[in-house]
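Reading the structure
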Amino acid sequence: MKVKNRISLQFTFMFAILLSIVLLGIYVLVERNRKDNFYTKLDDRALIVGELYLAQDNMSPEDYKKVKDIYPQTLSHEVTRIYNDKFQPVFIKEDTVSWSKSIIQEVIEKGKLHFTIGKEQVAGLYYMDNSGNFVVIASAVDDSGYQNMRRLTYIMLFSFLASLVITFLLGRLFATIALQPILKITTNLKIIRSTSLNKRLTITRYKNDEINQLSNTINNLLEHLEQSFNDQQSFISHASHELRTPLTKIFGKAEVTLKNDREKEEYKDALKAIVTEAEKLNFLISSLLELSQAGMDSTELQRVQLDELLWEVVDEWGNNAGLVKVSYNLPEDAEKYTIQGNRRLLFIAISNILKNAIKFSGNQEVLCTIFCNEKGVNITIEDKGIGIGIEEIQNIFQPFYRAPNAFNLPGSGIGLSLAEKIIRLHNGKIEVTSVLNEGTVFTVLFGQ
């Protein structure tokens, strides 16, 4: 079922419930009013009957004549009875209709009584006269009232059904209008392919509009996809080049060596060169595997205390040479520098940054500092090495990228890319400040 039809049906269903409650309330109120009005008429009839038969001696001829003129105006199926206080019928002979002593007694006790038997409504009146006390009971059927209620029922039923049809049609119209921006988004998304990820959805001037929020979310997704595709293309291009280089050297060295007979030492030199290039190739493949597998499984998450992690990294790479100094400036509450994460991946990320600092420091001291501030937990790794040019900093986290002043040093250009990906997976970020020939500061920030 289409969304607009589902919305229309839901809207119609809610309106049907509301309209049913309103119509039912109206019907109940009208029915109660009809019954009360008819009881009032029965009370009047009972009083008129009592005055006609009992109050003649207390009324002027003119008043009595008025009562006699009104008396013939009976109600539908009207039956009246008069009883004395001994429960005996007087003035009007009982035939098919008679009332029990219990009802007569209740009228005497309450003074006035109303009740219903089927469609018939009954009103009892305790009439006190100088000639004695009597009970007048009048009953009738409100035929015209019931007929009006039937008409009201038909009108309400027709109005209810007509309203539902109109509501459904209007609901479809409003749903179509409301969903038009989403249909437009769908149409625009259909033309976006991997070759046109640079396209974006149009944003209207209503910034807080839900459709705008959806468009912004999709645009952010497209931006991430575009970046991922660009990174993938760059990765494939650089990976093929980096893998081809040692393979070319291996093949070249082997072919040259095999063309002519060589001395034993020359064969040894050739094999050493091949082994060296094979080791580079193995290191490169291992780095590529690490980069491709740098993802987190929820089952691998654990609580990681960052000061302990930094100590392990420094102990692994820096303590033997004595080049790495560590400074701790942490609060007493360990929870403030403890995060949920993958310990193995975090170790690899911090290790890669520290190895780079050691490699490019030129045997100068590297300072590692961990501290907490309002932003979160900070780990800074500062070296006094060759530095990075300002225009190169934005590229250092791309796979296989190496700054021009780092070409003469060993490396594959994968370590920082892997570190950045791991830190991002842990909702952190890496900030870099550097000055050429003076040094570089990497700051890893894990937000609170």
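Here, the structure is the one placed above.
Residues numbered from 1 in each chain as written. Predicted model: local features only at pLDDT ≥ 70, side-chain atom pairs only at ≥ 80, totals over all residues. Heavy atoms only, no water.

To continue, consider the sheet that holds strand β3 (residues 120-129). Pairing in this open sheet of 4 strands is antiparallel, and the strands run β1-β4-β3-β2 from one edge to the other. Looking along the sheet, the strands with just one partner apiece sit at the ends: β1 (79-84) and β2 (112-117). Put simply, the sheet's adjacent strands are angled 20 degrees from each other on average, direction ignored. The pairing of β3 with strand β4 (residues 132-141) spans 10 bridges and is antiparallel. Following the sheet pairing, Asp129 is matched in β4 by Gly132. Along the sheet face, helix α3 (residues 101-110) touches β1, β2, β3 and β4 and points at about 140 degrees away from the line of β2. (Pairing = 2+ DSSP bridges. Helix = DSSP H or I, 4+ residues; strand = E, 2+ residues; numbered from the N terminus. Axes fitted to C-alpha atoms, helices over the stretch in contact; angles between N-to-C directions. Contact = heavy atoms within 4.5 Å.)

Before going further, it helps to spend a moment on the pattern of salt bridges. Counted by the stated rule, this structure contains 10 salt bridges. For Arg34, the salt bridge goes to Glu31, with nearest N and O atoms at 2.8 Å. With Arg34 and Glu31 both in helix α1 (residues 3-54) and 3 residues apart, this pair spans about one turn of that helix. Judged by its relative accessible area of 7%, Arg34 falls in the buried class. (Salt bridge = Lys/Arg side-chain N within 4 Å of Asp/Glu carboxyl O. Buried < 20%, exposed > 50% of the residue type's maximum accessible area, 1.4 Å probe, protein only.)

One finds Leu306 and Phe442 to be the most contacted residues of the largest nonpolar core, which totals 37 residues. Elements that contribute at least two residues to this core include exactly α7 (306-317), α8 (343-360), β8 (366-373), β9 (376-383), α10 (415-425), β10 (428-435) and β11 (439-447). Of the residues forming this core, the biggest block, 8 residues, is contributed by α8. Ignoring sequence-local partners within four residues, the contact set of Phe442 consists of Ile353, Ile379, Thr380, Ile381, Ile388, Ile396, Phe397, Leu416, Ile430, Glu431 and Val432. (Core = buried A, V, L, I, M, F, W, Y, C linked by side-chain atoms within 4.5 Å.)

Moving on, we get to a nonpolar patch on the surface. Residues Phe11, Phe13, Met14, Ile17 and Ile21 make up a contiguous nonpolar surface patch of about 540 Å² in total accessible area. Checked against the element boundaries, Phe11 lands in helix α1. Its relative accessible area of 42% is what places Phe11 among the partly exposed residues. (Patch = residues over 30% accessible without salt bridge, like charges linked within 9 Å, V, L, I, M, F, W, Y side chains within 5 Å. Areas by Shrake-Rupley, 256 points an atom, 1.4 Å probe, with all protein chains shown as cover.)

Okay, the sheet that holds β10 next. In a beta sheet, neighbouring strands are held together by backbone hydrogen bonds and run either parallel or antiparallel to one another. Spatially, β6-β8-β9-β11-β10 is the arrangement adopted by the 5 strands of the open sheet, whose pairing is mixed. Strands with a single pairing partner mark the edges of an open sheet, and in this sheet they are β6 (324-329) and β10. Shown here is a sheet whose adjacent strand axes are inclined to one another by a mean of 15 degrees, direction ignored. When β10 meets β11, the two strands line up antiparallel, connected through 8 bridges.

Another aspect to go through is a negative patch on the surface. On the surface, Glu263, Glu265, Glu266 and Asp269 cluster together to form a negatively charged patch. Note that Glu266 resides in helix α6 (residues 264-292). Judged by relative accessible area, Glu266 falls into the partly exposed class, the value being 40%. (Lys, Arg positive; Asp, Glu negative; His and termini not counted. Charge placed at Lys NZ, Arg CZ, Asp CG, Glu CD.)

Right, let's talk about the side chain of Thr440 for a bit. Examined against the element boundaries, Thr440 turns out to sit in strand β11. Relative accessible area serves as the criterion here: at 4%, Thr440 is assigned to the buried category. Side chain to side chain, Thr440 and Ser434 meet in a polar contact 2.8 Å long. (Polar contact = N/O pair within 3.5 Å; in protein donor to acceptor, adjacent residues only side chain to side chain.)

With respect to burial, β1 is a largely interior element, 6 of its 6 residues being buried. Here β1 shows two buried faces, one formed by Val79, Arg81 and Tyr83 and the other by Thr80, Ile82 and Asn84.

Note on placement: Ser215 falls in helix α5 (residues 210-259). For Ser215, a relative accessible area of 2% gives the class buried. Sequence separation between Ser215 and Ile185 is 30 residues, and the spatial gap between their C-alpha atoms is 7.6 Å. Those residues in contact with Ser215 that lie beyond four places of it in its chain are Ile185, Leu201, Thr202 and Ile203.

Turning our eyes to something else, we now look at the packing of α7 against α8. Two quantities define a packed helix pair, namely the angle between the axes and the distance from one axis to the other. Their axes nearest at 9 Å, the elements α7 and α8 cross at an angle of 50 degrees. Taken together, α7 and α8 sit at an angle that is classed as oblique. Where α7 crosses over α8, the two elements pack in a sense that is right-handed. Residues Glu308, Leu309, Leu310, Glu312, Val313, Val314, Glu316 and Trp317 of α7 pack against Arg343, Leu346, Phe347, Ile350, Ser351, Leu354, Lys355 and Ile358 of α8. Residue composition of the contact of α7 with α8, by class: 10 nonpolar, 1 polar and 5 charged. (Parallel < 35°, antiparallel > 145°, perpendicular 65-115°, else oblique. Left-handed = near helix turned anticlockwise from the far one by under 90°. Nonpolar A, V, L, I, M, F, W, Y, C, P; charged D, E, K, R; others polar.)

What follows concerns the packing of aromatic side chains. For the structure on display, the rule yields 1 aromatic pair. If you follow Lys119 out to its NZ or CZ, it ends over the ring of Tyr146, 5.6 Å from the centre. (Phe/Tyr/Trp six-rings, centres within 6.5 Å; stacked < 30°, edge-to-face > 60°. Lys NZ or Arg CZ within 6 Å of the ring centre and 35° of its normal.)

A word on the environment of Val256. By the element assignment, Val256 lies in helix α5. Here Val256 falls in the partly exposed class, since its relative accessible area comes to 47%. Each C-alpha atom, one on Val256 and one on Ala270, is 9.2 Å from the other, the two residues being 14 residues apart in sequence.

The next thing to look at is the pairing of β11. The element β11 is extensively covered by neighbouring structure, given that 7 of its 9 residues are classed as buried. Here β9 pairs with β11 via 8 bridges, running antiparallel. Paired with Thr380 across the bridge in β11 is Thr443. Once β10 ends, the chain turns through 3 residues before running back antiparallel as β11, passing Asn437 with a positive phi of about 65 degrees.

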